[in-house]
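# Structural overview
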Amino acid sequence: MNNTSKTTVDRKRPPPVKVLSGQLRTAVGRAADSGEEYVIRPGRGRSLPVSLVWMQGTVLEVQLERNTLLLMDETGTFAVQGVNNIPKGKPCLSQGKYVMVMGVIQAVSPEPVIRAVKMADLSELAALHRRMWKLEVEDLQQVLA
């Protein structure tokens, strides 16, 4: 794939969908015109295609030599790859930080893996962000599904 077609594919990619790691763990993969896409089940027979996700969690482990973080949200753990390449991402690379990660799904099982596109440190208001996160996820998925 040349750079021109990759850019075109990225432009066609829908905006990120807020998800919990537990939802990705049970996602079903399917091929799509815009690349690999997964389908999550936000509830009661509804389905929602996702490829670019927005996730939040607490940093459990930093593996800079492997360019990876291990994060945990209220439904489980997930891995984030490509963390050394994120502009302004260094503040997020500490155990215990509460961070937002936007990225492309690389795998869903046995543990979700996403390739980071953007990261932000939310630690300053972590208690508020943690309380609101599940509600934000549910609200957005109700609108989209």
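Now for a quick tour of the structure. Along each chain, residue indices are assigned from 1 in the same order as the chain's sequence is written. Residue-level local features of this predicted model are given only where pLDDT is at least 70; pairs of side-chain atoms are given and counted only at 80 or more, and the full residue set underlies all totals for whole chains, interfaces and linings. Heavy atoms from the whole structure form the basis of all side-chain values; hydrogens and water molecules are not counted.

## Remarks on the side chain of Asn-67
Filter applied, for reference: Only DSSP runs of H or I covering at least 4 residues are called helices, and only runs of E covering at least 2 are called strands; the numbering of each starts at the N terminus. Contacts were defined at the residue level, with two residues in contact if any of their heavy atoms lie within 4.5 Å.
By the secondary structure assignment, Asn-67 is in the loop between β5 (52-63) and β6 (68-73). Once you skip the residues sitting within four places of it in the chain, Asn-67 turns out to touch Val-80, Gln-81, Gly-82, Val-83, Asn-84 and Asn-85.

## With respect to the pattern of salt bridges
Definition in use: Salt bridges are defined by distance alone: a side-chain nitrogen of Lys or Arg within 4 Å of a carboxyl oxygen of Asp or Glu. Accessible area is worked out with a 1.4 Å probe on protein chains only. A residue is then buried under 20% of its type maximum, exposed over 50%, and partly exposed in between.
Applying the stated criterion across every chain yields a total of 2 salt bridges. Across the pair Lys-18 and Glu-136 runs a salt bridge, and its minimum N-O distance is 2.9 Å. Of this pair, Lys-18 sits in strand β1 (residues 17-18) while Glu-136 sits in helix α3 (residues 126-144); the two residues are 118 residues apart in sequence, bridging distant segments of the chain. Residue classification places Lys-18 among the buried residues on the basis of a relative accessible area of 15%. Judged by relative accessible area, which is 26%, Glu-136 ranks as partly exposed. Across the salt bridge formed by Asp-121 and Lys-97, the nearest N and O atoms sit 3.0 Å from each other. With Asp-121 in strand β9 (residues 113-121) and Lys-97 in the loop between β7 (76-81) and β8 (98-107), the pair connects residues that are 24 residues apart, well separated along the chain.

## Side note on unusual backbone geometry
Here the amide bond leading from Ser-109 into Pro-110 is cis, since omega sits at 5°, within 30 degrees of zero. For Asn-67, which is not glycine, the phi torsion reads 60° and is therefore positive.

## What about the pairing of β6?
Where we set the bar: A strand pair is defined by DSSP finding two or more bridges across the two strands.
Note that β5 and β6 share 5 bridges and pair antiparallel. In the strand pairing of β6, Thr-58 is matched with Met-72. Taking the residues between adjacent antiparallel strands as the criterion, β5 and β6 are bridged by 4 residues, where Asn-67 takes a positive phi near 60°. Relative to β7, β6 runs antiparallel, the two being bridged by 6 bridges. Residue pairing across strands places Asp-73 opposite Gly-76, the latter belonging to β7. The turn joining β6 and β7, which pair antiparallel and follow one another in sequence, is formed by 2 residues.

## With respect to the packing of aromatic side chains
Geometry of an aromatic ring pair is reported as the spacing of the ring centres plus the angle between the planes. Cut-off, in case you're wondering: Think of it this way: a Phe, Tyr or Trp ring, Trp meaning its six-membered ring, pairs with another when their centres are within 6.5 Å, and the plane angle makes it stacked under 30 degrees, edge-to-face over 60, tilted otherwise. Distance and angle both matter: a charge sits over a ring if NZ of Lys or CZ of Arg is within 6 Å of the ring centre and within 35 degrees of the ring normal.
With the rule as written, the count across this model stands at 1 aromatic pair. The positively charged end of Lys-18 is found above the aromatic ring belonging to Trp-54, 4.7 Å away from the centroid.

## Observations concerning the nonpolar core
For clarity, the cut-off: The definition of a nonpolar core used throughout is a set of buried Ala, Val, Leu, Ile, Met, Phe, Trp, Tyr and Cys residues joined through side-chain atoms within 4.5 Å.
Counting 26 residues, the largest nonpolar core has Leu-24, Val-50, Val-80 and Met-119 as its most contacted members. Sorting the residues of this core by element identifies β3 (35-43), β4 (46-50), β5, β6, β7, β8 and β9 as the ones contributing at least two each. Excluding anything up to four places from it in sequence, Val-80 contacts Asn-67, Thr-68, Leu-69, Leu-71, Val-101, Ile-114 and Ala-116. Counting residues in hydrophobic clusters, the runner-up holds 10 residues, among them Leu-20, Met-100, Ala-126 and Trp-133.

Read these as spatial facts, not as claims about activity.
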